[in-house]
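# Observations on the model geometry
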Amino acid sequence: MGAMLSFQTVYTMWLREMLRFKRAKSRIVGSLATPLFFLIILGTAMGSSYNIENYKEFMAPGIIAMVLLFSSIFGGVSVMWDREFGFLKEILIAPVNRFCIALGKAFGGVTTAMIQGVLLMIITNVFGVHYKSLLGMLLSIPIMFIIGIGFISLGIALATKIESHEGFQMVMSFLTMPLVLLSGAFFPLSKLPDWLRIAVHLNPLTYGVEALRFTLIGESEIPIVVCLVVLTSFAITTTAIGGWLFGRMEV
Amino acid sequence: MNAIVTNQITKSFNGFIAVNEIDISVKEGELFGLLGPNGAGKTTLINLLSTMIRPTSGTGTVNGFDIVHDSASVRAVIGVVFQGSTLDEQLTGLENLDLHGRLYGLSAGLRKKRIDEVLDLVELSHKSGLLVKTYSGGMIRRLEIARGLMHHPKVLFLDEPTLGLDPQTRLHIWDYIRRLNREEGITIVLTTHYMEEADNLCDRIAIVDNGRVVALDKPEKLKSALGSDVIILTLDTPEDAKKFYRVCKETGYVSASTKDQTVYISVKKSEEAVPEVFKTAFTSGTNIQSITMRKSTLDDIFIHYTGRGIRDELVDDITYMKYKLQTKR
Ligand SMILES: Nc1ncnc2c1ncn2[C@@H]1O[C@H](COP(=O)(O)OP(=O)(O)OP(=O)(O)O)[C@@H](O)[C@H]1O
Ligand SMILES: [Mg+2]
């Protein structure tokens with residue numbers, strides 16, 4: 001398969017996601033309201049009740065990571081809707097590399113997720129959350145990309161296995177919520193009991209939250225290098241598995 | 001050279017055999033029909049040949065490529081119009097076609113040309129900018145066909161291409177299918193419930209029932225094998241009909257079948273056969289309520305081979321198509 005053709009396939013699938021995004025713009029921007037409420041209300045309340053300084057700043061990278069997670073997993077699992085609505089047949093019958101299709105889908109989804117992440121970063125900044133530097137904010141963008149790719153591919157892998165809407169609900173409640181709650185998005189990692197600390201450290205999202213903390217507020221409990229290595233390995237692994245499972249799909 | 005060859009191809013779903021040791025070969029440039037009732041296994045056979053599912057046993061080739069071991073090569077030379085909708089409803093008709101062109105590696109110029117061409121064919125040019133979710137069932141079907149034709153494949157599979165379309169559009173589509181086949185030399189395999197569609201379009205027809213091919217020949221041959229006329233008798237009771245049917249079989253008419261209190265008898269020349277039929281009725285002591293004669297159709301062939309009419313299970317096309325489309329939502 002020629003490199004040109006592979007690129008064309010990836011681009012086509014990305015283009016499709018963008019065309020869909022264009023129409024869902026208001027819904028996607030609207031979905032930023034919930035995390036914003038979280039941050040403003042919870043951030044303010046916790047900060048003042050427990051007398052924690054800069055709790056909003058602490059929480060903001062966590063909220064951004066949470067939005068990335070939701071958006072990515074949802075984007076990946078949407079392969080399930082493609083099967084439901086029949087469009088999956090159209091792409092599986094095409095004479096193209098299926099790994100490229102999965103990759104294009106992932107790039108499309110991650111673009112959407114990053115747009116949400118960046119918007120949230122800017123809005124929170126406007127609402128008075130103080131970030132360290134503009135450079136830090138810019139460096140957050142590639143980190144958002146790695147986080148997004150990892151979870152979107154996880155979503156694709158799951159979508160090849162789950163058949164029904166109940167399966168989708170299960171993913172949302174038994175995977176997405178625990179990932180968020182166990183990620184250190186809302187609490188510091190240092191004073192946790194052992195069982196919780198282990199769980200948190202096994203969670204790839206934790207490293208995403210920590211990496212964003214490093215770039216946005218300039219401090220993280222896990223060294224940035226460790227974060228980057230874990231996030232990249234996670235993204236490569238899930239992309240390989242997701243692409244492989246997608247390639248073997250029957251409709 | 002044969003465009004398609006299958007060798008004892010079989011597909012079972014959890015023990016249920018949907019396609020049962022089918023052997024067919026389709027010549028290059030042929031327009032081949034698969035005719036059969038609901039659940040006969042037509043779609044499953046097309047899914048096998050188009051590499052969407054893998055056979056449980058047996059093998060097949062399309063354009064010389066093995067459908068299991070060389071599925072990528074098969075996909076490169078085929079086009080498929082599936083039975084249910086496979087469009088992205090969140091996109092416009094135009095966007096759907098454009099993405100298709102890109103997936104099949106058509107250049108921007110060629111995409112535009114082909115898109116105009118196929119939209120014109122299915123008369124959707126004026127709707128191409130609307131979201132597919134606002135299309136009617138028939139429009140969705142037409143767009144789907146348009147898309148399947150866009151990349152000019154070597155072998156084209158059409159699963160119920162004209163199901164639920166109005167007569168006028170159906171004629172257009174038939175015309176275009178014929179043109180693609182004659183002028184571009186595209187081998188076409190289509191499935192259908194419509195006798196007249198198979199009769200009108202196909203060089204050869206395979207009648208499929210319960211996962212097996214029960215007859216395969218040119219439409220004329222299939223018809224002449226039965227005799228060119230049909231005599232239809234209505235008797236007093238279904239029991240009488242059964243009895244009469246047995247007598248007919250023994251007396252060696254070309255073919256006979258029965259349903260409720262009606263008996264169908266295929267004969268070479270009805271004028272000469274009618275006196276015989278009356279004689280048979282008289283000697284077997286059955287009372288004939290009415291008698292009709294007509295030229296035989298593919299329907300009769302179908303009844304002959306499967307023991308029932310192809311339309312028996314179908315309520316009507318539109319309801320059926322709506323059902324088919326809905327099951328995809
Ligand atoms: N994925 C599947 N799992 C289980 N059974 C299936 C599956 N696909 C098809 N079947 C069964 O195989 C049989 C043949 O189905 P198929 O769709 O090939 O019929 P068909 O000839 O195309 O019918 P129709 O005219 O209604 O389209 C049916 O009994 C169907 O229930
Ligand atoms: Mg079918």
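Chains are numbered independently. Their residues run from 1 in the order of the written sequence. Starting at A for chains and at 1 for ligands, labels are handed out in the order in which the entities are written. With pLDDT at 70 or above as the cut-off, local features in this predicted model cover only qualifying residues; side-chain atom pairs require 80 or more to be listed or tallied, and sums for whole chains, interfaces and linings still use all residues. As a convention, hydrogens and water are excluded, and side-chain values are obtained from all of the structure's heavy atoms.

### Observations concerning the overall build of chain A
Each helix and strand in chain A was counted, giving twelve helices and zero strands. Computation of the radius of gyration draws on C-alpha atoms alone. For the globule rule, the value is 2.2 Å times the number of residues to the power 0.38. Against the compact-globule benchmark of 18 Å for 251 residues, chain A has a radius of gyration of 18 Å, which places it among compact chains. With the principal axes as the frame, chain A shows a C-alpha extent of 60 × 40 × 35 Å. Looking at the 251 residues of chain A, the share that counts as buried comes to 54%. For chain A, the accessible surface area stands at approximately 11,200 Å², while carbon and sulfur atoms represent 72% of it. This count recognises Lys and Arg as positive and Asp and Glu as negative, with His and chain-terminal groups excluded. Throughout, a charge is located at the NZ atom of Lys, the CZ atom of Arg, the CG atom of Asp or the CD atom of Glu. On chain A, the mean spot of the 17 positive side-chain charges and the mean spot of the 13 negative ones are 7 Å from each other. Only DSSP runs of H or I covering at least 4 residues are called helices, and only runs of E covering at least 2 are called strands; the numbering of each starts at the N terminus. Here's how the labels work: a residue is buried when its accessible area is under 20% of the maximum for its type, exposed when over 50%, partly exposed in between, all with a 1.4 Å probe on protein chains only. Only the protein chains shown count as covering a residue, and every accessible area follows the Shrake-Rupley method with a 1.4 Å probe.

### A look at the interface of chain A and chain B
The figure often quoted for interface size is the accessible area lost as the parts come together. The contact rule is simple, with two residues in contact once any of their heavy atoms fall within 4.5 Å. Each partner contributes residues to the interface: chain A has 26 residues there, and chain B has 30 residues. Two parts lose some accessible area (1.4 Å probe) when they are put together, and adding that loss for both gives the buried area. Interface area, chain A with chain B, both sides summed: about 2,700 Å², of which 59% is carbon and sulfur. Think of a salt bridge as a Lys or Arg side-chain nitrogen and an Asp or Glu carboxyl oxygen that are within 4 Å of each other. Connecting chain A to chain B are four salt bridges. For R20 of chain A, the salt bridge identified is with D88 of chain B, shortest N-O distance 2.7 Å. N or O atoms within 3.5 Å of each other form a polar contact, as long as, within protein, one can give a hydrogen and the other can take it, and as long as residues adjacent in sequence are counted only when both atoms are side-chain atoms. There are eight residue pairs in polar contact (both at pLDDT 80 or more) connecting chain A and chain B. Counting only elements with at least two residues in the side of chain A that touches chain B, the list comes to α1 (3-23) and α6 (87-92) of chain A. The biggest single contributor to the side of chain A that touches chain B is α1 of chain A, with ten residues.

### Thoughts on the side chain of S50 of chain B
Position of S50 of chain B relative to the elements: it lies in the loop between α1 (42-49) and β5 (57-62). You can call S50 of chain B buried: its relative accessible area is 0%.

### Regarding the coordination of the magnesium ion (ligand 2)
At 1.8 to 2.1 Å from the magnesium ion (ligand 2) lie its protein donor atoms, namely T43 of chain B (OG1) and Q83 of chain B (OE1). Placement of the pair is T43 of chain B in helix α1 and Q83 of chain B in the loop between β7 (78-81) and α3 (93-103), with a sequence separation of 40 residues. Coordinating donors are taken as N, O and S atoms within 2.8 Å of the metal, stretched to 3.2 Å for Na, K and Ca; because water is absent from the atoms, sites can appear incomplete.

### Describing the environment of V263 of chain B
Residues and elements named next belong to chain B. For V263, the location among the structural elements is in strand β14 (residues 262-267). The exposure class of V263 is buried, given its relative accessible area of 0%. For the pair V263 and Y245, spaced 18 residues apart in sequence, the C-alpha to C-alpha distance is 6.5 Å. If near-sequence neighbours (up to four positions away) are discounted, V263 is found in contact with I231, I232, L233, L235, A241, F244, S257 and T258.

### Details of the domain arrangement of chain B
Here chain B is described as being made up of domain 1 (2-222) and domain 2 (228-295). Domain start and stop points were drawn from an automatic or database domain assignment. With centres defined by C-alpha atoms, the gap from domain 1 of chain B to domain 2 of chain B works out at 39 Å.

### Some words on the pattern of salt bridges
Here the structure, examined in full by the defined rule, presents 18 salt bridges over all chains. Salt-bridge contacts for E17 of chain A lead to R16 of chain A; the nearest nitrogen and oxygen are separated by 3.5 Å. Of the two residues examined, E17 of chain A and R16 of chain A, each falls in the buried class. Residue E117 of chain B is joined to K113 of chain B by a salt bridge in which the shortest nitrogen-to-oxygen separation is 3.7 Å. A residue pair is termed a helical-turn pair when its members lie 3 or 4 positions apart in one helix, as E117 of chain B and K113 of chain B do in helix α4 (residues 108-121) at four residues. What you see here is one network of salt bridges that share partners, running through R16, E17, R20, D82 and K105 of chain A together with D88 of chain B.

### Some thoughts on the site of ligand 1
All names here are of chain B. Residue proximity to a molecule or strand is established when one non-hydrogen atom of the residue lies within 4 Å of it. Near ligand 1, the surroundings consist of 16 residues, among which G39, K42, T43, T44 and Q83 are the closest. With respect to ligand 1, the side chain of K42 contributes an N or O atom lying 2.8 Å from an oxygen atom. The contact in question runs from an oxygen atom of ligand 1 to an N or O atom on the side chain of Q83, over 2.7 Å. Breaking the shell around ligand 1 down by element, the ones donating at least two residues are β2 (16-22), α1 and α12 (317-326). Here the element with the most residues in the shell around ligand 1 is α1; it accounts for three residues.

### What to know about the packing of helix α3 (residues 33-49) of chain A against helix α7 (residues 98-126) of chain A
All names here are of chain A. Where α3 contacts α7, the two axes come as close as 11 Å, and the packing angle between them is 35°. In the crossing of α3 with α7, the sense of the turn from one axis to the other is right-handed. Of α7, the residues touching α3 (which contributes P35, L36 and L39) are L120, I123 and T124. For helices, the fitted line uses only the C-alpha atoms of the stretch in contact; every axis is such a line through C-alpha atoms, and the angle between N-to-C directions lies from 0 to 180 degrees. The hand of a helix crossing depends on one turn: near helix anticlockwise from the far one by less than a right angle means left-handed, and clockwise means right-handed.

### Things to note about the pairing of strand β4 (residues 31-35) of chain B
Residue and element names in this part refer to chain B. For β4, the buried fraction is high: five of the five residues fall into the buried class. Side chains L31, G33 and L35 project from β4 onto one buried face, and the interleaved F32 and L34 project onto a second face that is buried too. Between any two strands, at least two bridges found by DSSP are needed for them to pair. Note that β4 and strand β10 (residues 204-209) share four bridges and pair parallel. If you follow F32 over to β10, its bridge partner there is R204.

### Section: the nonpolar core
For the purposes of this section, nonpolar cores are sets of buried Ala, Val, Leu, Ile, Met, Phe, Trp, Tyr and Cys residues that join through side-chain atoms within 4.5 Å. Residues I64, Y131 and F246 of chain A together with I4, I78 and F157 of chain B are the most contacted members of the largest nonpolar core, which totals 103 residues. Ranked by residue count, the leading element in this core is helix α4 (residues 55-77) of chain A, at 13 residues. When sequence neighbours within four positions are dropped, the list of residues in contact with I4 of chain B reads I24, S25, V26, L49, T61, V62, V155, F157 and V189 of chain B. Of all hydrophobic cores here, the second largest spans 43 residues; its members include V122, I140, A146 and L190 of chain B.

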